[in-house]
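# Chain and residue survey
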Amino acid sequence: MRTSVSHNRLIGVALSTLLAAPLPAAAAEVADPLEPINRTIFGLNELVDVMLLGPVAQAYGELPSPVRTGVRNVLDNLRAPVTFVNDLLQGETDRAGNTFARLFINSTIGIFGLFDLASEFGYPKHREDFGQTLAVWGVRDGAFLMLPLLGPSTVRDAAGWVVDTAAIDPIGQLAGSEVGLARAAGEAVDTRQRLDPVVQDVRRNSLDPYATVRSAYLQRRAVEIRNGRPAAGERNYEAIFREENDNAGAAGD
Amino acid sequence: MPAPLAIDRGPRRPRRDVLALLALAALAGVHPGAVAATLPVPAARFIDTLGQRVLAVLNDNRLDRTARLERLASILDEATDLGLVARLVLGRYWREASEAQRREFVTLFRRLLLKTMADRLDTYGGETYEVLAAQAVDDRDTMVATRIRRPGAEPIAVDWRVRDLGGRLVLIDIVAEGVSMVVTQRSEAAEIVGRSGIDGLLAEMRRRLEPAA
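Now for a quick tour of the structure. (Residues numbered from 1 in each chain as written. Chains lettered and ligands numbered in written order. Predicted model: local features only at pLDDT ≥ 70, side-chain atom pairs only at ≥ 80, totals over all residues. Heavy atoms only, no water.)

Considering all chains together, one arrives at 7 aromatic pairs over all chains under this definition. Arranged with centres 6.2 Å apart and planes meeting at 80°, the rings of Phe144(A) and Tyr210(A) form a pair that is edge-to-face. Taken together, the positions of Phe144(A) in strand β1 (residues 144-147) and Tyr210(A) in helix α10 (residues 209-225) put the pair 66 residues apart, joining distant regions of the chain. Judged by its relative accessible area of 1%, Tyr210(A) is buried. Put simply, the rings of Phe42(A), Phe144(A), Tyr210(A) and Tyr217(A) touch in pairs and so form one group of aromatic residues. Between Arg161(B) and the ring centre of Phe241(A), over which it is positioned, the NZ or CZ distance is 4.0 Å. (Phe/Tyr/Trp six-rings, centres within 6.5 Å; stacked < 30°, edge-to-face > 60°. Helix = DSSP H or I, 4+ residues; strand = E, 2+ residues; numbered from the N terminus. Buried < 20%, exposed > 50% of the residue type's maximum accessible area, 1.4 Å probe, protein only. Lys NZ or Arg CZ within 6 Å of the ring centre and 35° of its normal.)

So, in structure tokens, the structure goes:
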């Protein structure tokens, strides 16, 4: 009984926050109506990270860097089909050709993707997913979401992840769920290891780690969707630096 | 030895080469060509000089931790206008803040930056950088693109926003892999101010500055 009460309250909070839809933070362009629930999930993710993922990633970080680079390369190569399909769905034929060349080169002479020879041959790596494809098609982010274990996302990106996983990615389907799970675990550990300095930094120095992660995620996604073009010149970014004109006179420093 | 595995691409040129080329160019009285048609831009030179000064401090083995931090703090104060950056971070709340709140915010903002720098000092491990390009955004601001190389890891793209304050160049934002420091900190500040007001933000900043228990 008690659980159902708290469950109802949770839904009540969700509904009321959805309806109230508070204004997004000044710099973030994405609304976060589920913030109370998102923050709870963020706390749980942090717990999992401190107890499990962080320590595993730290141990993994002790491996020599060429070994880790090899693992990264294999994971990237397994990911290439998803990028290829999304390149095509975005109408980026040149990038699709690049991804196909990478997949071919690295899967053959790169020995199952262990060596990223394609980059040496002038086929640089990039990454696409169905969330980015939806963005290119004009679908907006929707609400910000903090997913259990998977971390920061948006309604659009979460939907994209489902499509990538269930419909586009051949690895999970062809090779069975064990391979899919192993790959997911590998991705998690590798990504966490590479992000470790950032994670430590945010924990130590951020005034509000949840807000930091949300803002950084949204900014990163924006760059990925723009295929790497920098923030300079983007309307929302530039507005911050123009705005200062208005109150510079009032500044008493 | 990790060479065949490396993923970097694009114009790769260690800093030494850039410096050598610049020195040659200076001697010959011409601008360096392909490397850095962009380097003669004052903002790019400003960032390059800043980078050299920071690396010189980081690599000076005669300095102990405290001395090193002091040097870095004075470089920071010289190269940025923290009053301006603090204003950008507080955004519209700057207008709502009282004179005393503004003053305290700028002070705490600077102390937190120095604390962050101190924390990062321990993770410094032989990073080097190269200045890649500079592009004017408007009549005041220029973005300088650099690449930071780290031993055994993929390089990071870092853009530096430099503002011309009537002839004096100051660094006003750092954008690492597309994530802007100003945008991120604005978001944090707005979140806390929205919840507990400007005084709540100041209290949280003071709390962060207390030595860890």
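Further remarks concern a nonpolar patch on the surface. All names here are of chain A. Taken together, the side chains of Leu44, Leu47, Val48, Val50, Met51, Leu52, Val56, Leu149, Leu150, Trp161 and Val162 present a nonpolar region at the surface, about 1100 Å² in accessible area. Listing elements by their share of the nonpolar patch, those giving two or more residues are α2 (35-61) and α7 (155-168). Among the elements that line the nonpolar patch, the one with the most residues is α2, at 7 residues. Along the chain, Leu44 turns up in helix α2. (Patch = residues over 30% accessible without salt bridge, like charges linked within 9 Å, V, L, I, M, F, W, Y side chains within 5 Å. Areas by Shrake-Rupley, 256 points an atom, 1.4 Å probe, with all protein chains shown as cover. Salt bridge = Lys/Arg side-chain N within 4 Å of Asp/Glu carboxyl O.)

Residue and element names in this part refer to chain B. One open sheet accounts for 5 strands, arranged β1-β2-β3-β4-β5; its pairing is antiparallel. Each edge of the open sheet is held by one strand with a lone partner, namely β1 (128-136) and β5 (179-180). The pairing of strand β2 (residues 141-150) with strand β3 (residues 153-165) spans 9 bridges and is classified as antiparallel. Considered in β3, the bridge of Ile148 is made with Ile156. (Pairing = 2+ DSSP bridges.)

On to unusual backbone geometry, then. For residues besides glycine, phi is generally negative; the peptide bonds are generally trans as well. Residues and elements named next belong to chain A. Positive phi values are uncommon outside glycine, yet Phe112 reaches one of about 55°. Accessibility expressed as a relative area gives 69% for Phe112, which makes it exposed. Of note, the phi angle at Leu149 is positive, near 65°, even though the residue is not glycine.

Before going further, it helps to examine the nonpolar core. The biggest cluster of nonpolar side chains holds 38 residues, and the ones touching the most others in it are Phe105(B), Phe109(B), Leu201(B) and Met205(B). Secondary-structure elements contributing two or more residues to this core are α11 (235-248) of chain A together with α3 (65-79), α4 (82-90), α5 (93-96), α6 (99-121), β4 (168-176) and α7 (181-209) of chain B. Sorting elements by how many residues they give to this core places α7(B) first, with 11 residues. Apart from the residues within four sequence positions on either side, Leu201(B) is in contact with Leu207(A), Leu90(B), Phe105(B), Ala189(B), Ile192(B) and Val193(B). Val57(B), Leu72(B), Val162(B) and Leu169(B) belong to the second-largest nonpolar core, a separate cluster that totals 23 residues. (Core = buried A, V, L, I, M, F, W, Y, C linked by side-chain atoms within 4.5 Å. Contact = heavy atoms within 4.5 Å.)

Attention shifts here to helix α9 (residues 177-205) of chain A. Residues and elements named next belong to chain A. Between its first and last C-alpha atoms α9 spans 39 Å; for 29 residues at 1.5 Å apiece the expected length is 42 Å, and the two agree. Of all bends in α9, the biggest is about 60°, found at Leu195, and the proline Pro197 comes one to four residues later. Among all positions of α9, only Gly180, Arg183, Glu187, Val189, Asp190, Arg192, Gln193, Val199, Asp201, Val202 and Asn205 are buried. (Expected span 1.5 Å × (residues − 1). Bend = angle between axes of the 7 residues up to and from the residue.)

This part is about the environment of Arg120(B). Mapped onto the elements of the fold, Arg120(B) is located in helix α6. By relative accessible area, which is 45% here, Arg120(B) ends up partly exposed. Residues Arg120(B) and Ala73(B), 47 residues apart in the sequence, show an inter-C-alpha distance of 13 Å. A polar side-chain atom of Arg120(B) sits 2.3 Å from a polar atom in the side chain of Asp201(A). (Polar contact = N/O pair within 3.5 Å; in protein donor to acceptor, adjacent residues only side chain to side chain.)

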